[in-house]
Amino acid sequence: MADVNPVANHSQPPPGEAGVSRRQFLGQGAAVAAGLSALAAAMSPLRHLSDDDLPSVEEFLQKHYKEMTPADKERALERIREQVKKRYGVDAKVSDPPPLDGVEFVYGLNISRCIGCRKCVHACVAENNQSRSPEIQYIRVLEMEKGSIDLETANHHYDPDQVPRPDKWYMPVQCHQCANPPCVKVCPVEATWQEPDGITVIDYDWCIGCRYCEAACPYFARRFNFTRPEIPKDEINPNMSYLSNRPRSKGVMEKCTFCLHRTRVGQLPACLEVCPTGSRKFGNVLDPNSEVHYILKNKRVFVLKADVGTLPRFFYYFDERGSRYHEPITPDTKGKELKEGA
Amino acid sequence: MKSPFQFWVPLAFLVCAGVLLWDPVPFVSPVAARVPTPAWATDPTPVRQPKLKPEYVAAGFTYQCMDCHRIIPSPAETFRRLTQHTEIQLNHGINTRCFNCHHPTNRNAFVDDFGAEIPWNQPQLLCAKCHGPVYRDWQAGSHGRINGFWDTTKGPQTKRRCIECHDPHHPPFAQLPPAPGPNTLRMGRPGPVEHGGRRDPLRLFAPDNHSASTH
């Protein structure tokens, strides 16, 4: 048991002689070689990295969106055009439309008319170049029992043959573009902010993917790119903008931007365009002749989770007389109302 | 240094390397296979495309309504079974008479409250006879579809008419099949509700977890 005796240990190798014995050299060399091979094995997944996974020098040195000069922005847009061309083979129109003066966007959704067909969900995915695999969707349509507004038991997986089901009602939820946005407050790097027209945007090149904003949002409106988004080449929407629907990279957040590449040039958002029932309303709330102004002034309106103080710019409203799907108009019911009214 | 320690260290490292390369617990991606989106799900065409013209197609020929009705009188009351236009089922609530809407003498027009003609391409004026609040909302834009530009100084705006969504003879908005539901990472697949499980909308359901948890 010489090992436990420190005196014996120190005597071997004797002081003054060349430090390492052959046995020690082989033993320690084997340990180092095995350690290096373990390190190499642990790092071996890195061999799957492609050029696209790493930022270019230009991308790495790019400034925050708000600090970019017009020339910087033009360079960034050109870089995005080249990346899109390389990755998808599409000549994209990448722009950066500024917010319009005297415009504050507001969304209205008529829950008396929504039938829960989910066309808005898919039009949004197609318009905003969201990942198809894994799927990313900004809009979530909740199905609830008539007479209740219990989000806890709401179902977004409903799949009947036909919608609406007579005893259900439907509530699409997406980014509410809050005037007091909790997602913006929690961002540690200021990669997300509220624009003057009320749209909360993300600089995808500045986001570090910490997902604090996803946790802070009471509406579950923010989405994270767990992997590199996959979009088929023939499904790319070439009308892109820096702050909205340009292809995102792995590890960044994204969210609904009210289709700002459309709405800031006067067009209506894609979810509204496709809605077969006209339940969706959009416009400039500062314009007294706009539809949303009329809705806020005259219709019965509510916001989701008003108690959390987020001041949404997304309003749900309903009509004096709601949907009549609970009592289908059939020959049997003809004249029923006359008798009841008499 | 006779300690066996110096052999254990490289051995442990080698075992580590072996395990890492062997990868005994392969990564199972929770990403589900893509569900193709049907083309109709992104098609903004209105559910109906009315002609807005008083035309009738029969046996491959297109007629103006008055081509026949100029000669053939129709009965004043239409509660009885029709001999012509039998494909039309009038299920419009208490509105059970053809001439509440169609002009009794000029079949190329509709009729207003005073017996005057409403042109065929202005159906909203006809609907407004009974549906006042909805007509008011349609005029103000809170009811009905609007397509194109919200800012009309920058581009055209299309305001859809009543009958581009509603069948005047059976007005409730027709039911549609729903587009595919979410299959995203955090919204997952439907949970095992049939087994009494409470559904958590944010729960991750990996493909394998799902089939395992239902049994």
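Predicted model only: the values in this text are computed from it and were never measured.

Participant: Quick question: what am I supposed to make of the overall build of chain A here?
Facilitator: Counting secondary structure elements, chain A contains eleven helices and twelve strands. Pairs at least 24 residues apart make up 65% of the contacts formed inside chain A by residues separated by at least 6 positions.

Participant: Explain the confidence of the model for chain B to me, please; I cannot follow it from the model alone.
Facilitator: Regions with low pLDDT carry predicted coordinates that are not meant to be interpreted in detail. Residues and elements named next belong to chain B. Looking at chain B, the pLDDT average stands at 82 and 81% of residues meet or exceed 70. Every residue in residues 192-197 is under pLDDT 50, and counting partners more than four places away or in other chains gives six contacts. Contacts for the low-pLDDT stretch residues 203-215, under 50 throughout, to residues beyond four places or in other chains number 18 contacts. Of the two predicted TM-score estimates for the complex, the pTM is 0.84 and the ipTM is 0.81.

Participant: I tried to follow the nonpolar core on my own but got confused; where do I start?
Facilitator: Residue and element names in this part refer to chain A. By size, the foremost hydrophobic cluster in this structure holds 59 residues, and its most contacted members are Cys120, Cys124 and Cys271. Elements supplying a minimum of two residues to this core: strand 2 (105-110), helix 5 (119-127), strand 3 (140-145), strand 4 (168-173), strand 6 (200-202), helix 9 (270-274), helix 10 (291-298) and strand 12 (314-318). In this view, Cys124 contacts Tyr138, Ile139, Ala270 and Cys271; residues no more than four positions away in its chain are not counted. One finds Ala76, Val84, Ala92 and Val94 within the second-largest nonpolar core, a separate group that totals seven residues.

Participant: Honestly, the interface of chain A and chain B in this entry has me stumped. Any pointers?
Facilitator: Many analyses report the size of an interface as the accessible area lost when the parts associate. Chain A puts 68 residues into the contact, and the matching count from chain B is 57 residues. Every element with two or more residues in the side of chain A that touches chain B is listed here: helix 2 (22-43), helix 5, helix 9, strand 10 (280-284), helix 10 and helix 11 (336-341) of chain A. With eleven residues, the top contributor of residues to the side of chain A that touches chain B is helix 2 of chain A.

Participant: In this structure, what is going on with the pairing of strand 12 of chain A? I would like to understand it.
Facilitator: For a regular strand, the rule is simple: side chains alternate between the two faces of the sheet. All names here are of chain A. Counting buried residues in strand 12 gives four out of five residues, a clear majority hidden from the surface. Across four bridges, strand 2 lies against strand 12 in parallel orientation. Residue Asn110 lies in a different strand from strand 12, and its bridge partner there is Tyr317. Bridging between strand 11 (residues 300-302) and strand 12 involves three bridges; their strand directions are antiparallel. Looking across to strand 12, one finds that Arg300 is bridged to Phe318.

Participant: I keep staring at the confidence of the model for chain A and nothing clicks. Help me out?
Facilitator: Confidence in the prediction of chain A, expressed as mean pLDDT, is 88, and 88% of residues score 70 or more. Here residues 333-342 of chain A is a poorly scored stretch, pLDDT under 50, and it has seven contacts once near neighbours within four places are set aside; other chains count.

Participant: Help me understand unusual backbone geometry, please; the structure alone is not making it clear to me.
Facilitator: Keep in mind that most residues, glycine aside, have a negative phi and that most peptide bonds are trans. Residue and element names in this part refer to chain A. Of the consecutive residues Ser133 and Pro134, the connecting peptide bond is found in the cis state with omega at 0°. Looking at the secondary structure, you find Pro134 in the loop between helix 5 and strand 3. Unlike most non-glycine residues, Arg118 shows phi in positive territory, near 65°. Summarising the element assignment, Arg118 is placed in the loop between strand 2 and helix 5. Accessibility expressed as a C-beta count within 10 Å gives 27 for Arg118, which makes it buried. Phi at Arg211 is positive, roughly 65°, even though this residue is not glycine. Residue Arg211 is classed as partly exposed on the basis of its C-beta count, with 16 C-beta atoms lying within 10 Å.

Participant: I tried to follow the sheet that holds strand 2 of chain A on my own but got confused; where do I start?
Facilitator: Strand pairing in a sheet relies on backbone hydrogen bonds. The paired strands run either parallel or antiparallel. Residue and element names in this part refer to chain A. Taking strand neighbours across the sheet as the criterion, the four strands line up as 10-2-12-11 in an open arrangement whose pairing is mixed. Two strands in the sheet have a free side with no partner beyond their single neighbour: strand 10 and strand 11. Along the sheet, successive strands turn relative to each other by an average axial angle of 30°, direction set aside. Contacts from helix 10 reach strand 2, strand 10, strand 11 and strand 12, with the element oriented near 105° to strand 10.

Participant: Honestly, the environment of Asp43 of chain B in this entry has me stumped. Any pointers?
Facilitator: Residues and elements named next belong to chain B. Considering the arrangement of structural elements, one finds Asp43 in the loop between helix 1 (5-22) and strand 1 (55-58). We classify Asp43 as partly exposed; it has 13 C-beta atoms within 10 Å. It is 32 Å that separates the C-alpha atoms of Asp43 and Asn108, two residues lying 65 residues apart in sequence.

Participant: Explain helix 4 (residues 70-88) of chain A to me, please; I cannot follow it from the model alone.
Facilitator: Helical geometry: 3.6 residues make up each α-helical turn, so side chains three or four residues apart lie on a common side. All names here are of chain A. In a regular helix each residue adds 1.5 Å, so 19 residues correspond to 27 Å; helix 4 covers 26 Å between its end C-alpha atoms and thus fits that length. Looking at the buried positions of helix 4, the neighbouring elements they touch are strand 1 (93-95). Two residues or fewer after helix 4 comes Gly89, characterised by a positive phi angle close to 65°.

Participant: Is there a simple way to think about the environment of Cys213 of chain A in this case?
Facilitator: Residue placement: Cys213 of chain A occurs in helix 7 (residues 212-216). Setting aside residues up to four positions removed in sequence, Cys213 of chain A forms contacts with Cys183, Val186, Cys187, Thr192, Arg222 and Met253 of chain A.

Cut-offs and rules
- Residues numbered from 1 in each chain as written.
- Chains lettered and ligands numbered in written order.
- Predicted model: local features only at pLDDT ≥ 70, side-chain atom pairs only at ≥ 80, totals over all residues.
- Helix = DSSP H or I, 4+ residues; strand = E, 2+ residues; numbered from the N terminus.
- Contact = placed C-beta atoms within 7 Å.
- pLDDT = per-residue confidence, 0-100.
- Core = buried A, V, L, I, M, F, W, Y, C linked by C-beta atoms within 7 Å.
- Buried ≥ 20, exposed ≤ 12 C-beta atoms within 10 Å, placed from the backbone.
- Pairing = 2+ DSSP bridges.
- Axes fitted to C-alpha atoms, helices over the stretch in contact; angles between N-to-C directions.
- Expected span 1.5 Å × (residues − 1).

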